Amino acid sequence: MEPIIKVEHLTHTYGEGTPFCRSAVKDVDLTIYKGEFLGIIGHTGSGKSTLIQHLNGLLRPTAGTVRLAGEDIWADPKAIRKVRFRVGLVFQYPEYQLFEETVYKDIAFGPRNMALSEEEIDRRVRQAAAFAGVREELLEKSPFELSGGQKRRVAIAGVIAMEPEVLILDEPSAGLDPAGRESLLRNIRQYHRASGNTVVLVSHSMDEIAENVDRIIVLADAGVAMEGTPHEVFSRAEKLEAAGLSVPQVTKVAMALRRLGVDIDPAVYTVGDLELALQPLRRRDAPC
Amino acid sequence: MLKDITLGQFFPGNTVIHRLDPRTKLLAVVFYIAALFTAKWFVSYGLVLAFLLLCIHLSQVPFKSLVKGLRPVLFILAFTAILNLFYTPGRTLWHWWIFTVTIEGIFTAFFMLLRITMLIMGTFLLTYTTSPIALTDGLESLLGPLKKLHAPVHELSMMMSIALRFIPTLIEETDKIMSAQKARGADFESGSLIQKAKALIPILVPLFISAFRRADELATAMECRCYHGGDGRTKLHVLRYQGRDYGASAALAALLAAVIVLRQFGL
């Protein structure tokens, strides 16, 4: 696969020269491939937010480089805005960034900054709204009249409308109820499939990551602790626990079954997989 | 970039200066300023400066960050110095067009510069070594007698602590909103003045909304805990004068007295 973002020896130190000096990211190397659905996971304070703000040039590395399609994004600091259009970043609780009179205008803020034509802006706003699950009739409403979940979708649409090659979402489902959460993640999956663009999902919820991504990067103590497919990562449960994280609920069930002597792969991580893994057992015990 | 604002920043520490009662420190600053404005000539300025440097040394606040605090007033400093330099009447040293440099002018400009610098450094030392909460507690206690005149002392100090408490929160919030809008391609640096002002709308609207939301939440939280104003309210940390407070007060009184005496001799 072709890499789209390559991070090399990235270090970021906050508050250098004060008593509060602290490295949030320390000597991190990682690669994000074109078109993949990547999950970045880590507990609170593991450096997730700092790391992703480097990917679109909001933060400048204290040391190390970030390459987008092979080029150092800080080669020309004046061109950093172009990087932000190519790598779209949705912050945590993005609904607090809404400011326009109408939902339509707010989604159009990004594309308008790109100096696109009115027709192109219109096309992008409508398409992004559809991807993010914002209904057509909401477009002319004030964003402040909407519910929390709808506001969040509007904010996500505002980033999708820039049609970034890489879409990074920081805890997109934080604070939503289970139904809203499931439906939002479904929208994101659909967007990934339909656009073919790279999507990076940042979360601390193992279940959320397990159900969605192709590949996982685990962050702990300001660095990369593990990397691999969900199966690879979840088969090393002890290491995850050392990083302050736990395996998905489904994996826990499988591990408990294994301890009871059932012959089952302990690294299954979705409900469907568990069902499949239990299939042979069911047939054997069929009499009851 | 917003994190570089030093105004009212607190450097935690455990030095003598940090442990002084906030009331002592507030009064000490008043005495210090009085001494600074009474000082007239090199000897008295030197005495006050030595005292300031001693306090800075004792507080272990890095000298660099005190100097950094001077940056916002650099313009005022330069302006005052130049005005005093050129427009003080006295023995002329040099004259060109409307500019006249006098010996008196050089001295006045120099002392003025020294006075403002020391004034700012001294007051910054107070905010650097006293937590905002301690500061408002001290202020409330010092202004206590005004309660007899029905002045809302407690309410004022509560407002002050809330305002101080929320400065870092709002700065953080502004940083976050700025980042979010920058991620959507907002440009705050280039363009004409009008364009720059317009670029602030995407920051100010969400910031105001969040400030109102926070105020509302805080009011609810305070009511839930039965807040009803200052009457009958007791403190978790009761302020009590210690030996070191009497020592510091004595030192300040001695400093002021010495400067007044030196002034009589024109030193």
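Scope of this entry: the structure provided in the associated data block. The written sequence of each chain sets the order in which its residues are numbered from 1. Working convention: letters from A go to chains and numbers from 1 go to ligands, in the order in which they are written. Confidence filtering applies because this is a predicted model: local features only for residues at pLDDT of at least 70, side-chain atom pairs given and counted only at 80 or more, and all residues used for totals across whole chains, interfaces and linings. The side-chain values count all of the structure's non-hydrogen atoms but skip hydrogen atoms and water molecules.

1. Details of the overall build of chain B
To keep things clear, this is the line we draw: Helix and strand assignments come from DSSP, with helices taken as H or I runs of at least 4 residues and strands as E runs of at least 2, each series counted from the N terminus. For a compact globule the rule gives 2.2 Å times the number of residues to the power 0.38, and the radius of gyration it is set against comes from C-alpha atoms. Each residue's exposure class comes from its accessible area (1.4 Å probe, protein chains only) as a fraction of the maximum for that residue type: buried when under 20%, exposed when over 50%, partly exposed otherwise. Here, residues are in contact when the closest pair of their heavy atoms is within 4.5 Å. Surface accessibility follows the Shrake-Rupley procedure with a 1.4 Å probe radius. Residue values consider only the protein chains on display as shielding. The positive count covers Lys and Arg only, the negative count covers Asp and Glu only, and His and the chain ends enter neither. Throughout, a charge is located at the NZ atom of Lys, the CZ atom of Arg, the CG atom of Asp or the CD atom of Glu.
Helix and strand counts for chain B come out as eleven helices and two strands. Reading the secondary structure of chain B in the N-to-C direction produces α-α-α-α-α-β-β-α-α-α-α-α-α. The C-alpha radius of gyration computed for chain B amounts to 23 Å, which surpasses the reference 18 Å derived for 267 residues by more than 25%, pointing to a less compact arrangement than a globule. A principal-axis box enclosing the C-alpha atoms of chain B has dimensions of 65 × 55 × 35 Å. Classification of the 267 residues of chain B by burial places 37% in the buried group. At a minimum sequence separation of 6, the contacts of chain B that also span at least 24 residues come to 73%. Counting only carbon and sulfur atoms, one obtains 71% of the accessible surface of chain B, whose full area is about 16,200 Å². Computing the positive centroid from 26 side-chain charges and the negative centroid from 16, chain B places the two 7 Å apart.

2. Quick word on empty space enclosed by the protein
Residues and elements named next belong to chain A. Note the threshold: We place a 1 Å grid over just the protein atoms. Points where a 1.4 Å probe fits but has no way out form a cavity, open points with protein on both sides within 12 Å along at least 5 of 7 lines form a pocket, and any residue with an atom within 4 Å of a point lines it. Grid points are joined across faces, edges and corners, and a volume is the space filled by probe spheres set on the points. Gly is placed with the polar residues, together with every amino acid not listed as nonpolar (Ala, Val, Leu, Ile, Met, Phe, Trp, Tyr, Cys and Pro) or charged (Asp, Glu, Lys and Arg).
Applying the stated criterion across every chain, the model contains one cavity of 30 Å³ or more. For the largest cavity, the full set of lining residues is Phe-131, Ala-132, Ile-156, Ile-160, Leu-167, Leu-184, Asn-187, Ile-188 and Tyr-191. Put simply, the parts of the chain that give the lining of the largest cavity at least two residues each are α4 (118–132), α5 (148–160) and α6 (178–195). By residue class, the composition of the lining of the largest cavity is eight nonpolar, one polar and no charged.

3. What to know about the side chain of B:His154
Turning to its location among the elements, B:His154 is positioned in helix α8 (residues 153–183). Beyond its immediate chain neighbours, meaning those up to four positions away, B:His154 contacts B:Glu140, B:Lys147, B:Tyr227, B:Gly229, B:Gly230 and B:Arg233.

4. Focus: the packing of α4(A) against α5(A)
All names here are of chain A. The following threshold applies: Inter-axis angles, ranging from 0 to 180 degrees, are taken between N-to-C directions of lines fitted to C-alpha atoms, where helices are fitted over the stretch in contact. Here the word oblique covers every angle except those under 35 degrees (roughly parallel), over 145 (roughly antiparallel) and from 65 to 115 (roughly perpendicular). Helix crossings get a hand from a simple test, with the near helix turned counterclockwise from the far one by less than a right angle marking a left-handed crossing and a clockwise turn marking a right-handed one.
Where α4 meets α5, the axes come as close as 8 Å, and the angle between the chain directions of the two elements is 130°. In terms of orientation, α4 lies oblique with respect to α5. The chirality of how α4 crosses α5 is right-handed. Taken together, the residues of α5 that come into contact with α4 (itself represented by Ala-128, Ala-129, Phe-131 and Ala-132) are Arg-153, Ala-157 and Ile-160. Of the residues belonging to the contact of α4 with α5, the class tally is six nonpolar, no polar and one charged.

5. Here we look at the sheet that holds strand β4 (residues 63–68) of chain A
Residues and elements named next belong to chain A. Under the convention used in this document: At least two DSSP bridges between two strands are needed for those strands to be called paired.
With antiparallel pairing, four strands are arranged side by side in an open sheet as β2-β1-β4-β5. Only two strands of the sheet have a single partner each, and these edge strands are β2 (22–33) and β5 (71–72). Relative to β5, β4 is paired through two bridges, and the arrangement is antiparallel. Considered in β5, the bridge of Leu-68 is made with Glu-71. Sheet strands touched by helix α1 (residues 48–55): β1 (3–14), β2 and β4. Its angle to β1, the strand with the most contacts, is close to 125°.

6. Considerations on the interface of chain B and chain A
How we decide: Two parts lose some accessible area (1.4 Å probe) when they are put together, and adding that loss for both gives the buried area. Note on definitions: salt bridges are taken to be side-chain nitrogens of Lys or Arg within 4 Å of carboxyl oxygens of Asp or Glu. Polar contacts, as counted here, are pairs of nitrogen or oxygen atoms within 3.5 Å of one another; within protein the pair requires one atom able to donate a hydrogen and one able to accept it, and residues that are adjacent in sequence qualify only if both atoms are side-chain atoms.
Taken together, the 19 residues of chain B in the interface contact 22 residues of chain A. For the pairing of chain B and chain A, the buried interface totals around 1,800 Å² over both sides, and the portion due to carbon and sulfur atoms is 65%. Here chain B is connected to chain A by two salt bridges. The residue A:Asp106 makes a salt bridge to B:Arg184 at a minimum N-O spacing of 3.0 Å. Joining chain B to chain A, the criterion identifies five residue pairs in polar contact (both at pLDDT 80 or more). Broken down by secondary-structure element, the contributors of at least two residues to the side of chain B that touches chain A are α8 and α10 (201–224) of chain B. For the side of chain B that touches chain A, the residue count by class is twelve nonpolar, three polar and four charged.

7. Examining the nonpolar core
Residues and elements named next belong to chain A. Note the following rule: The nonpolar core is taken to be a set of buried Ala, Val, Leu, Ile, Met, Phe, Trp, Tyr and Cys residues, with the residues joined through side-chain atoms within 4.5 Å.
In this structure, Ile-107, Leu-169, Ile-216, Val-218, Phe-234 and Leu-240 are the most contacted members of the largest nonpolar core, which totals 50 residues. With residues near it in sequence (within four places) discarded, Leu-240 still touches Met-206, Val-218, Met-226, Val-233, Phe-234, Leu-245, Ser-246 and Val-247. Ile-5, Leu-51, Val-200 and Ile-217 belong to the second-largest nonpolar core, a separate cluster that totals 31 residues.

8. Considering the sheet that holds strand β7 (residues 166–170) of chain A
All names here are of chain A. Across the sheet, six strands lie side by side as β6-β7-β8-β3-β9-β10; this open sheet has mixed pairing. Looking at the sheet topology across the chains shown, the edges are occupied by β6 (87–90) and β10 (223–228). Across the sheet, the mean angle separating the axes of adjacent strands is 20° when strand polarity is ignored. Two strands pair when backbone bridges link them, and β6 and β7 are joined in this way by four bridges, in the parallel orientation. By the bridge assignment, Gly-88 is partnered in β7 with Leu-167. Strands β6 and β7 of the sheet are contacted by α5, whose axis makes an angle of about 170° with β6.

9. Looking at the packing of aromatic side chains
The way to describe two aromatic rings as a pair is by their centre distance and the angle between their planes. This is how the line gets drawn: Pairing of aromatic rings covers Phe, Tyr and Trp, the last counted by its six-membered ring, and requires centre-to-centre distances within 6.5 Å; plane angles under 30 degrees mean stacked, over 60 mean edge-to-face, and any other angle means tilted. The criterion for a charge sitting over a ring is simple: Lys NZ or Arg CZ within 6 Å of the ring centre, and within 35 degrees of the ring normal.
If you walk through the whole model with that rule in mind, you get 15 aromatic pairs over all chains. For the ring pair A:Phe99 and A:Phe109, a centre distance of 5.0 Å and an interplane angle of 85° mean the geometry is edge-to-face. Here the residue A:Phe99 occupies a position in the loop between β6 and α3 (103–113), and A:Phe109 occupies one in helix α3, the gap between them amounting to ten residues. Grouping residues by exposure puts A:Phe99 and A:Phe109 together as buried. Between the aromatic rings of B:Phe110 and B:Phe111, the centroid separation amounts to 5.7 Å while the plane-to-plane angle is 55°, which identifies the pairing as tilted. Each residue in the set B:Trp41, B:Phe42, B:Tyr45, B:Phe107, B:Phe110 and B:Phe111 is aromatic and connected to the rest through ring pairs, giving one cluster. Over the face of the ring belonging to B:Tyr241 we find B:Arg23, whose NZ or CZ atom lies 4.2 Å from the ring centre. Residue placement shows B:Arg213 over the ring face of A:Tyr96; its charged tip is 4.3 Å from the ring centre.

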